[in-house]
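Residues per chain are reported as follows:
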Amino acid sequence: MLNNLFEKLNLHSYRLRKFKNKFFYVLCLSCVIIAIVPLLSILSEVVVRGIPAINLQFLTGDGLRYGIGPAIQGTLILIGLTSAIGIPIGIMTGVYLAEYGTNKYASWIRSINDILTGFPSIIVGITAYSLIVVGLTGTFSPIAGAVALAFIMIPIIARTTEESLKLVPNSVREASMALGIHRWRTIISVILPSAKSGLITGTILAVARIAGETAPIMLTILGNTYFFQGLGKAMDALPLRIFASSRSHLQVEQTQAWGAALVLILIVLALNIGVRLASRGRYKR
């Protein structure tokens, strides 16, 4: 009798665990589908509406000939300038917080970093406009736009860098320093390469974030219909072109807005794939 009772209880417990496992599997799968469906819907809408606008003249011509050449060029310049400013500062900030962040200054930096992460981009644009465009240079310029976007990029990279470095086991640090290697050399040659996946992911996320920002660059680079004319002149960018064309009542300009959106997505995708391939090949060698 007792054996039969235990067998029934075990069978009931097994069936209950199996049901719970299937239930949570279905629940997780449903959440994934709920998250993916809107994304696929947006991507499909951009692709379907944007492909008709894509041709050589559209990609290389200026605004006077209904092309987005200056906007593509401006976006790439902005991404390059912002990355040159934001990536080193963000990584060094993350290294300081992860490796030396046991004092009150690190606590303040983390608080400031958290505040900047959730800061509205329009506030960043207004601040850059007031301090750089009005107060320092007196003109709209790519430099002002890059500085504004860098304030959006730095907190993202700093946070991901700090969390990635914290995942590196302390035994790795101790083994390196036990060999007589200085701490700064250990960070550069041992810890950073060990956390390279997290650093690359954080950088890609930051680049994807700043590539589509509109408010900060609207207040700092202004936009025009010409190709790059210098670091002290106004410049075009894809988010500005998308914003301006989408507000038009003309069908041709709305089609251009969809085409520019598709190009912007492809640029971000190409940068992501390129960085992944380049970093993988580098560390394989």
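Source: prediction; values computed, not measured.

Asker: Whenever I open this one, the layout of surface pockets confuses me. Can you help?
Answerer: Gaps between atoms show up when a probe of the same size as a water molecule is rolled over them. By volume, the second largest pocket is sized at about 170 Å³. In terms of lining residues, the second largest pocket is bounded by 11 residues, among which Thr225, Arg241, Ser245, Glu253 and Gln256 are the most central. Secondary-structure elements contributing two or more residues to the lining of the second largest pocket are helix H11 (238-246) and helix H12 (251-284). Here the lining of the second largest pocket gets 3 residues from one element, more than from any other, and that element is H11. For the lining of the second largest pocket, a count of residues per class yields 2 nonpolar, 6 polar and 3 charged.

Asker: Sorry, what's going on with helix H5 (residues 121-137) here?
Answerer: Every α-helical turn comprises 3.6 residues, leaving residues that sit three or four positions apart pointing alike. The end-to-end C-alpha distance of H5 is 21 Å, clearly below the 24 Å that 17 residues give at a rise of 1.5 Å each. At Tyr129, H5 is deflected by roughly 35 degrees, the largest bend along its length. Where H5 is concerned, the buried positions are Ser121, Val124, Gly125, Ala128, Ile132 and Val133. For H5, the secondary structure elements touched by its buried residues are helix H6 (142-166) and helix H10 (215-218). Phi for Gly138, located one or two positions after H5, is positive at around 75 degrees.

Asker: Whenever I open this one, the nonpolar core confuses me. Can you help?
Answerer: Looking at soluble globular proteins, one finds that nonpolar side chains tend to be buried together. In terms of nonpolar packing, the biggest core is built from 34 residues, with Ile68, Leu78, Ile217, Ile221 and Leu238 touching the most fellow members. Among the elements of the structure, helix H3 (69-100), H5, H6, helix H9 (196-211), H11 and H12 are those that each provide at least two residues to this core. With 7 residues, H12 is the single largest residue contributor to this core. Core analysis: the second largest hydrophobic core is formed by 8 residues, Val95, Val168, Leu192 and Ala195 among them.

Asker: Just checking my understanding: could you explain the state of the cysteines for this structure?
Answerer: What we call a disulfide is simply a covalent bond connecting the sulfur atoms of a pair of cysteines. This structure, assessed with the given rule, holds 0 disulfides. No disulfide involves Cys28; its sulfur sits 6.4 Å from the nearest other cysteine sulfur, which is in Cys31. Among the residues examined, Cys28 registers a relative accessible area of 48% and is labelled partly exposed. A relative accessible area of 47% places Cys31 in the partly exposed class.

Asker: Would you take a moment to explain empty space enclosed by the protein for this structure?
Answerer: The full count for this structure, using the stated rule, is 1 cavity of 30 Å³ or more. In this structure, the largest cavity encloses a volume near 50 Å³. Lining the largest cavity, in full, are Thr75, Leu78, Ile79, Leu149, Ile210, Ala211, Glu213, Ile217, Ala237 and Pro239. Listing elements by their share of the lining of the largest cavity, those giving two or more residues are H3 and H9. It is H3 that provides the largest number of residues to the lining of the largest cavity, a total of 3 residues.

Reading the values: the criteria
- Residues numbered from 1 in each chain as written.
- Predicted model: local features only at pLDDT ≥ 70, side-chain atom pairs only at ≥ 80, totals over all residues.
- Heavy atoms only, no water.
- 1 Å grid on protein atoms, 1.4 Å probe; cavity = no way out; pocket = protein on both sides within 12 Å on 5 of 7 lines; lining within 4 Å.
- Points joined across faces, edges and corners; volume = space filled by probe spheres on them.
- Helix = DSSP H or I, 4+ residues; strand = E, 2+ residues; numbered from the N terminus.
- Nonpolar A, V, L, I, M, F, W, Y, C, P; charged D, E, K, R; others polar.
- Expected span 1.5 Å × (residues − 1).
- Bend = angle between axes of the 7 residues up to and from the residue.
- Buried < 20%, exposed > 50% of the residue type's maximum accessible area, 1.4 Å probe, protein only.
- Contact = heavy atoms within 4.5 Å.
- Core = buried A, V, L, I, M, F, W, Y, C linked by side-chain atoms within 4.5 Å.
- Disulfide = S-S within 2.5 Å.

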